[in-house]
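Observations on the model geometry
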Amino acid sequence: MMEPQEEKPIIYTMENKPIVTCAGDQALFTSLYTPLAQQLPREPMEWRRSYGRAPKMIHLEANFVQFKEELLPKEGNKALLTFPFLHIYWTDCCDTEVYKASVRDNMMRWQGNLRLHGSADWVIVVVETSDAKKKNKTNILPRSSFVDKIRNDFCNKQNDRCVVLSDPLKNSSRSQESWSAFLLKLRTLLLMSFTQNLGRFEEDMRTLREKRNQPGWSFCDYFMVQEELAFVFEMLQQFEDALLQYDELDALFTQYVLNFGAGDGANWLGSFCSPVKSWTGLLLRRPIDMEKRDGIQRGQASLLELRSYLFCRQCTLLIFLQRPWEVTQRALELLHNCVQELCLLEVSMLEGALDCWVFLSCLEVLHRIEGCCDQAQLEANVSHTVGLWAYATDKLKSLGYMCGLVSEKGPLSLELNRTVDLLAGLGDEKAETVHSLQSPYKKLKEALSSVEAFERHYLELSHAAVEMYTAIGRMRSARLVGKSLAEFYMRKGDPEQAESFLQNALRSYVSEGWSLPVTHTRKQMAECQKLLGKTENYLQTSALLAGDANLTNEERIHFCQEILTFANQSTDSKAQKVALSMTSFAQLKQLQFRPATTTVHSGTALQVELCLRSLMPVAVPLEQLAASVHLNLEQGETNGKTRGPQRRPYPGTVLFPLGNSSAMPPSTAGPSLELEEIQDRSSSDPRTLNSTGMVCKNTHLVMRRHDSSLSPDTPNLVSPVPVVMDDGAKMLMSGDVTLLPGNNSIVFSVPSQELGTYTLRQLCATVGQVQFVLPHISPLVQYEVYSQEPQLTVEPLTDQLLAGLPQRAKVRLQTGHYTVKKGDALQLTNIDSMPILTSSSCPATILDSTAERVDESVLFIQSSDKVTSISLPPTPPYHTLEFQLEVLCVIPSDPVRPENQRLTNGEIHHQPRSYSHPDNHMTAINQRMSVDCPWSIYSTPISLTFYIPFKAKHSLLSAGNRKYIQVCLQNVSDVNFHLMDQRLTEKHHESSLELQSLNTKAQQLVCSKQCVVLSIYIYIVGVQ
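Residues numbered from 1 in each chain as written. Predicted model: local features only at pLDDT ≥ 70, side-chain atom pairs only at ≥ 80, totals over all residues. Heavy atoms only, no water.

1. What about the overall build of the protein?
Along its length, the protein carries 23 helices and 39 strands. Across the protein, every contact between residues at least 6 apart in sequence was considered, and the portion connecting residues at least 24 apart equals 71%. Accessible surface, the protein: about 51,600 Å² in total, of which carbon and sulfur atoms supply 51%. (Helix = DSSP H or I, 4+ residues; strand = E, 2+ residues; numbered from the N terminus. Contact = heavy atoms within 4.5 Å. Areas by Shrake-Rupley, 256 points an atom, 1.4 Å probe, with all protein chains shown as cover.)

2. What to know about the packing of aromatic side chains
Scanning all chains against the criterion turns up 34 aromatic pairs. A centroid spacing of 5.7 Å and a plane angle of 65° characterise the contact between Phe488 and Tyr489, whose relative ring orientation is edge-to-face. Taking the relative accessible area as the measure of exposure, Phe488 reaches 1% and is therefore buried. Here the aromatic cluster, defined as three or more aromatic residues joined through ring pairs, consists of Trp217, Phe219, Tyr222, Phe223, Phe253, Tyr256, Trp268, Phe272 and Tyr309. Its end group placed over the ring of Trp122, Arg161 keeps NZ or CZ at 5.9 Å from the ring centre. Just above the ring of Tyr401 sits the side chain of Arg491; from NZ or CZ to the centre is 4.2 Å. (Phe/Tyr/Trp six-rings, centres within 6.5 Å; stacked < 30°, edge-to-face > 60°. Buried < 20%, exposed > 50% of the residue type's maximum accessible area, 1.4 Å probe, protein only. Lys NZ or Arg CZ within 6 Å of the ring centre and 35° of its normal.)

3. Some words on the packing of helix α6 (residues 219–235) against helix α8 (residues 290–298)
With their axes 7 Å apart at the nearest point, α6 and α8 run at an angle of 135° to one another. The orientation of α6 with respect to α8, classified from their angle, is oblique. Of α8, the residues touching α6 (which contributes Cys220, Phe223, Met224, Glu227, Glu228 and Phe231) are Arg293, Ile296 and Gln297. Grouping the constituent residues of the contact of α6 with α8 by class yields 5 nonpolar, 1 polar and 3 charged. (Axes fitted to C-alpha atoms, helices over the stretch in contact; angles between N-to-C directions. Parallel < 35°, antiparallel > 145°, perpendicular 65-115°, else oblique. Nonpolar A, V, L, I, M, F, W, Y, C, P; charged D, E, K, R; others polar.)

4. Some thoughts on the sheet that holds strand β5 (residues 84–91)
One open sheet accounts for 5 strands, arranged β4-β1-β5-β6-β7; its pairing is parallel. Unpaired on one side and paired on the other, β4 (63–66) and β7 (162–166) mark the two borders of the sheet. Each neighbouring strand pair of the sheet contributes to a mean axis angle of 30°, computed without reference to strand direction. In the sheet, β5 pairs with strand β6 (residues 122–128) via 5 bridges, with the strands oriented parallel. When the bridges of β6 are listed, Tyr89 appears paired with Ile124. The strands touched by helix α1 (residues 26–39) within the sheet are β1 (19–24), β4, β5, β6 and β7, with β5 carrying the most contacts at an inclination of about 120°. (Pairing = 2+ DSSP bridges.)

5. Quick word on helix α13 (residues 382–402)
Between its first and last C-alpha, α13 extends 30 Å over 21 residues, near the 30 Å set by a 1.5 Å rise per residue. Among the 21 residues of α13, 16 are classified as buried, and the element is accordingly described as predominantly covered. A positive backbone phi angle near 70° is found at Gly404, which sits one or two residues after α13. (Expected span 1.5 Å × (residues − 1).)

6. Structural notes on the packing of helix α18 (residues 495–512) against helix α19 (residues 515–532)
Look at α18 against α19: their axes get within 9 Å of each other, and the N-to-C directions meet at 155°. Of the possible angle classes, the one that applies to α18 and α19 is roughly antiparallel. Crossing handedness for the pair α18 and α19: left-handed. Contacts between α18 and α19 involve Pro495, Glu496, Glu499, Leu502, Gln503, Ala505, Leu506, Tyr509 and Val510 on the former and, on the latter, Pro517, Val518, Thr521, Arg522, Gln524, Met525, Cys528, Leu531 and Leu532. The class makeup of the residues in the contact of α18 with α19 is 12 nonpolar, 3 polar and 3 charged. (Left-handed = near helix turned anticlockwise from the far one by under 90°.)

7. A few points about the nonpolar core
Counting residues in hydrophobic clusters, the biggest one holds 150 residues, and the most contacted among them are Phe64 and Trp90. Grouped together as the second largest cluster of nonpolar side chains are 54 residues, Ala526, Phe559, Leu732 and Val781 included. (Core = buried A, V, L, I, M, F, W, Y, C linked by side-chain atoms within 4.5 Å.)

8. Let's talk about the pairing of β7
Of all 5 residues making up β7, 5 are buried, and the element is well covered by its neighbours. As paired elements, β6 and β7 share 5 bridges and run parallel to each other. From the neighbouring strand, Val125 faces β7, where its bridge partner is Val163.

9. Regarding the sheet that holds strand β9 (residues 586–594)
Strand order across the open sheet formed by 4 strands is β13-β9-β11-β17, with antiparallel pairing between neighbours. At either margin of the open sheet sits one strand with a lone partner, and together these are β13 (653–655) and β17 (742–750). The mean angle between the axes of side-by-side strands here comes to 20°, regardless of whether they run parallel or antiparallel. For strand β11 (residues 606–614) and β17, the ladder comprises 9 bridges, and the chain directions are antiparallel. In the strand pairing of β17, Leu610 is matched with Ile746.

10. A look at a nonpolar patch on the surface
There is a patch of nonpolar side chains on the surface, built from Leu673, Leu675 and Met694 and spanning about 320 Å² of accessible area. Tracing the backbone through its elements, the reader meets Met694 in strand β15 (residues 689–696). On the basis of relative accessibility, which here comes to 56%, the residue Met694 falls in the exposed class. (Patch = residues over 30% accessible without salt bridge, like charges linked within 9 Å, V, L, I, M, F, W, Y side chains within 5 Å. Salt bridge = Lys/Arg side-chain N within 4 Å of Asp/Glu carboxyl O.)

11. Examining the pattern of salt bridges
Counted according to the given criterion, the structure contains 36 salt bridges. Note that Glu46 and Arg48 form a salt bridge whose closest N and O atoms lie 3.3 Å from each other. As a salt-bridge pair, Arg812 and Glu795 come within 3.4 Å of each other at their nearest N and O atoms. Here Arg812 is found in strand β23 (residues 806–814), whereas its partner Glu795 is found in strand β21 (residues 791–796), with 17 residues between them in sequence. Here the salt bridges share partners, and the residues they tie into one network are Glu240, Asp247, Arg323, Glu326 and Arg330.

12. Brief notes about helix α2 (residues 96–116)
Over its 21 residues, α2 extends 28 Å from the first C-alpha to the last, a length consistent with the 30 Å expected when each residue adds 1.5 Å. The principal kink in α2, of about 40°, is found at Val103. Listing the buried residues of α2 in full gives Thr96, Tyr99, Val103, Met107, Trp110, Gln111 and Leu114. Following α2 by one or two positions, Gly118 adopts a phi angle in the positive range, close to 75°. (Bend = angle between axes of the 7 residues up to and from the residue.)

13. Let's talk about empty space enclosed by the protein
Under the criterion given, the structure shown has 8 cavities of 30 Å³ or more. Roughly 180 Å³ of volume is contained in the largest cavity. For the largest cavity, the lining is made up of 15 residues, of which Thr280, Leu282, Lys430, Thr433 and Tyr441 are closest to its centre. Elements that contribute at least two residues to the lining of the largest cavity include exactly α11 (353–372) and α15 (440–447). The residue inventory of the lining of the largest cavity, partitioned by class, reads 6 nonpolar, 4 polar and 5 charged. (1 Å grid on protein atoms, 1.4 Å probe; cavity = no way out; pocket = protein on both sides within 12 Å on 5 of 7 lines; lining within 4 Å. Points joined across faces, edges and corners; volume = space filled by probe spheres on them.)

14. Quick word on the environment of Ala79
The topology assignment puts Ala79 in the loop between β4 and β5. Under the relative-accessibility criterion, Ala79 is labelled partly exposed at 21%. Considered as a pair, Ala79 and Glu227 are 148 residues apart in the sequence and their alpha carbons are 10.0 Å apart.

15. Considerations on the pairing of strand β24 (residues 825–829)
Taken across its 5 residues, β24 has 4 buried, putting it largely inside the fold. Pairing between β24 and strand β27 (residues 867–871): 5 bridges, direction antiparallel. Residue pairing across strands places Leu828 opposite Thr868, the latter belonging to β27. The pairing of β24 with strand β32 (residues 923–932) spans 2 bridges and is antiparallel.

Below, the structure written as structure tokens:
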């Protein structure tokens, strides 16, 4: 049956439908109301809108009410929900007398009222039934004639405004066809009216919005107009369009607030700057909060009430759109924006009132989402809700601090009064949540009622937030909530509970290099460790804070003084010292060897200069600064083998990378490999290499599990790792050192007596009962002490030594560990084929180990038949003595070899063998001689290679009775020669032969790689 009539038919609920008035025969309409209301929305209609907006398919519904003149829109009324979109006149009259007597007059009055109010959307429905025809057969006109008469009387040119409905209640094909045509016509007319009136409304709304900069414009009035449009879209179930209207209102209001903050304020914003007296939070359990809407309509709503109502409507539409997770996102943005807008508008609120509003709003949104989603959906979308849990936790914590619910002594009277005022601003609980045991209102009121209740609710929210953050992998946020929990436990006097949360947070900040959070957390950690009596941990943290540049100088001095106070409190020298990591105390910046070499011979005076950068803000006196040195004995030395500095030298200056102790993340790759080359050389000839290999020097560090502990020398130490000095290592000591803030220079004398490789492994600074230990110096710092046997070498001064010509050779004596004393001499074996041409003395030069000239001297040479003695000047160890000798290699002229000579050491001296050089085809002659040295009982063999610069060949030529000898002399060396006084002599003199030279030139130039031909005539005596 027809819906009951009301004085105010507007009802702001989702059940609102377009209003259609019904005039005429009400009993007739009542009989058709049910099928009409059911079948009208079944078929969708295409709704084409203006401004190029995409068409949509909508299902039209209608709220059929009895026609009254009061329902017709008055001038200036912009309410769409109370606007009748279509007017229908129902009649089943087919009697001409009845039509003339009453029906026509009623239609005329009905149409006159519509025309008076400008309503052109109407239709006349003539219902034709077979029962009516049977009753009045005499006065009944044919159907077509009766409809034509009505059209002539009322429709004029709008014949489609009169519709015939034949037997609508019968189940016949004719009735169904007529009913379908009527429904299509009704939908078309209703959609046309709806489109036209909605278009006019939108134009009026745009006109009103364009006047927003004019004086007297009110946002609240405009809000009601655009919300009317949103209601219409919602009524048509076009929730996306309805949401867009609220989003536009949200953006418009936000822009005005931002302009106000920039100094361009609108007059109507003054009503939203009034003090807030109620902070009940969001109310999302009603589709429309009529109380807040009335306040907006009257212009008396506060900022929080406007925002609450606006978000409530957005939330409702998002739920209908099945986008609940967008509600949580928008809610978080709303809460943060409201806090800023209250500051921009300078709205006064009771201290803590905003925290109450945010807390209630967070829980209200979460409860609303829980009501429309199942548990599986909630667990799968924790990332959308965890932000609200964390925000609610933070605001509850703030309220607890403000109301004295976190202190050990409980709230004071002032804090109790503040709690009462905050609870008064909450008002009475809404009817929707009265019967809910877990309503936000009840939770907040209970949490503020006692210390125990607050702790229970706060811990419940905090642990839930931590679990959610951890479940979705947002570890930073989980650590932040845990840090807040640590602060809560510290305020409650329970540092033991706080320590684990602070350690987790600190580890996270350190690993990611967050400098300021690391500093702040370390301060809290220091306080916690001090309360727990963890002295070593507290001192390590204090050292880190004393060297932290993020703190003020006063704070740094305070923590440094904490260390010095503990270090000086005990006078017992046997008391156990506390070992801490040095990296928080000082940083090794540079290490330099004096002299600047790391490969030295035994006994060298070697020093190491350390540049140590103190991180402390004040001067710190050290009892001593010690460095441990580890000696690695070479395997070759135990077998009597010696070696020289042939290995790759270590750098003389080592630079250490510096890092910020609070921001630099630790290395996750572990310590670098310390590799060293191992060589095994022959005992008889140090130049002969038997084997070589590589060995890792820090296997104990490389093979350690890095996931179970941190490196003890990392500057980002979360909790101290025990550090100890190596036992049995050589210690370099420097006492009474004062480290000033900044760079300091300390010099050590390092050992160099024993042979081997020395490695600086650790550094230790002692301050009273505290030792700052650097357990691992990286990069590797090493120096090598070696011992070298004397070596004697003879080298030519030119690329090739030429036989037959005086040649100079350089003699180099490397003294090694031997000291050349006065009276020492070299004994050289004389060889007939290579005599020494040096005079009785020759100059000599003495060089040090760096090849710098030290001294010059004169050598005295004495020669006998078999030995040449060279007196040596006094020369220190590991120096080089250089001088030159002039020798001559005799070119052999006779193939007959004399008897072999013996060298001074008894070895047989074999005559040199000749062979051809592969490059220049010169004949080479190897000459060997032995040298007796004062440091060895064995002779040192010396070998020199000479090259014959010429090649000669001859041929015997005949000319009649005459005989000629032609000699070709070829210069195969790179030197030019002058050939003079060339002669050919007989080896066995015969009286019958006479040689006569035919060469006319007394001197000829023989250039390199050139050949000269010599001709000689042989005259035979007695033969003509």
